[in-house]
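Descriptive analysis of the structure
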Amino acid sequence: MDEVDRNILAELQSDGRLTVTELAERVRLSVSPCHRRLRALERSGAISGYHARLDAGVLGLTFEALVFVTMRYEDRETVAAFEQAVTDIPYVLQAQRLFGDPDFLLRVVTRDLAAFQQLYDDRLATLPGVQRLSSTLVMKSVVENRPLPL
């Protein structure tokens, strides 16, 4: 990956709706070489998709919490079952497996506290292998959706 590829990636992180013509202009290439580089970046997996960034507040999802999960059992089957089950919960925006204690960190959004409590009691607490849940409420997001450093 050279400087031109990094420039293409930086421009697309900033605006994923650029046309190939606009992208080529911004990175100072003609359209054909820019298009070839773009396709190569997609094939390599450097670009994994194109997405719209939605505003959770506008959509009524104004309550955010971080939920720390400590597992009772950490055998391969239980962890796999937990990971599969958590992917089926649309209100879990991120789920990360951690080294040490706790075992997982979940980033969760809901409409309000009552919706979070219901999600917590009905879905999160019943996930496979869960021993303990501990949550903290997000006061505000300071850094969010930051582009990857290139």
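The following refers to the structure shown. (Residues numbered from 1 in each chain as written. Predicted model: local features only at pLDDT ≥ 70, side-chain atom pairs only at ≥ 80, totals over all residues. Heavy atoms only, no water.)

Topologically, Ala114 is positioned in helix α5 (residues 113–124). The spatial distance from the C-alpha of Ala114 to the C-alpha of Phe63 is 9.8 Å, given a sequence separation of 51 residues. (Helix = DSSP H or I, 4+ residues; strand = E, 2+ residues; numbered from the N terminus.)

Judged by nonpolar contacts, the single largest core of 19 residues is most densely connected at Val67, Val69, Phe82, Leu106, Val108 and Leu124. When contributions to this core are tallied by element, the ones reaching two or more residues are β1 (63–71), α4 (76–87), β3 (104–110), α5 and β4 (130–137). In terms of residue count, β1 provides more of this core than any other element does, five residues in total. With near-sequence residues (within four places) excluded, Val108 lies in contact with Phe63, Glu64, Ala65, Val67, Tyr91, Val92, Phe116, Leu119 and Leu124. Among the nonpolar cores identified, the runner-up in size contains 11 residues, and Ile8, Leu9, Leu18 and Ile47 belong to it. (Core = buried A, V, L, I, M, F, W, Y, C linked by side-chain atoms within 4.5 Å. Buried < 20%, exposed > 50% of the residue type's maximum accessible area, 1.4 Å probe, protein only. Contact = heavy atoms within 4.5 Å.)

Let us now look at the side chain of Thr110. Take Thr110: it is sitting in strand β3. The class for Thr110 is buried, based on a relative accessible area of 2%. Among residues more than four places away in sequence, those in contact with Thr110 are Gly60, Leu61, Thr62, Phe63, Tyr91, Ala115, Phe116 and Leu119.

With that out of the way, let us pick up the pairing of β1. Side-chain direction in a regular strand flips from residue to residue, so the side chains alternate between the two faces of the sheet. Of all nine residues making up β1, seven are buried, and the element is well covered by its neighbours. Summarising the sheet, β1 and β4 pair through seven bridges and their orientation is antiparallel. Across the sheet, residue Leu66 finds its bridge partner in β4, namely Thr136. (Pairing = 2+ DSSP bridges.)

So, about the environment of Ala52. With respect to the helices and strands, Ala52 occurs in the loop between α3 (31–44) and β1. When the C-alpha atoms of Ala52 and Asp15 are compared, they prove to be 9.9 Å apart, with 37 residues separating the residues in sequence.

Here we take up the sheet that holds strand β2 (residues 92–97). Spatially, four strands are ordered β2-β3-β1-β4 in an open sheet, and the strand pairing comes out antiparallel. Both edges of this open sheet fall to β2 and β4, since each of them pairs with a single strand only. Going from strand to strand, the sheet's axes swing by 20° on average, the running direction of each strand aside. (Axes fitted to C-alpha atoms, helices over the stretch in contact; angles between N-to-C directions.)

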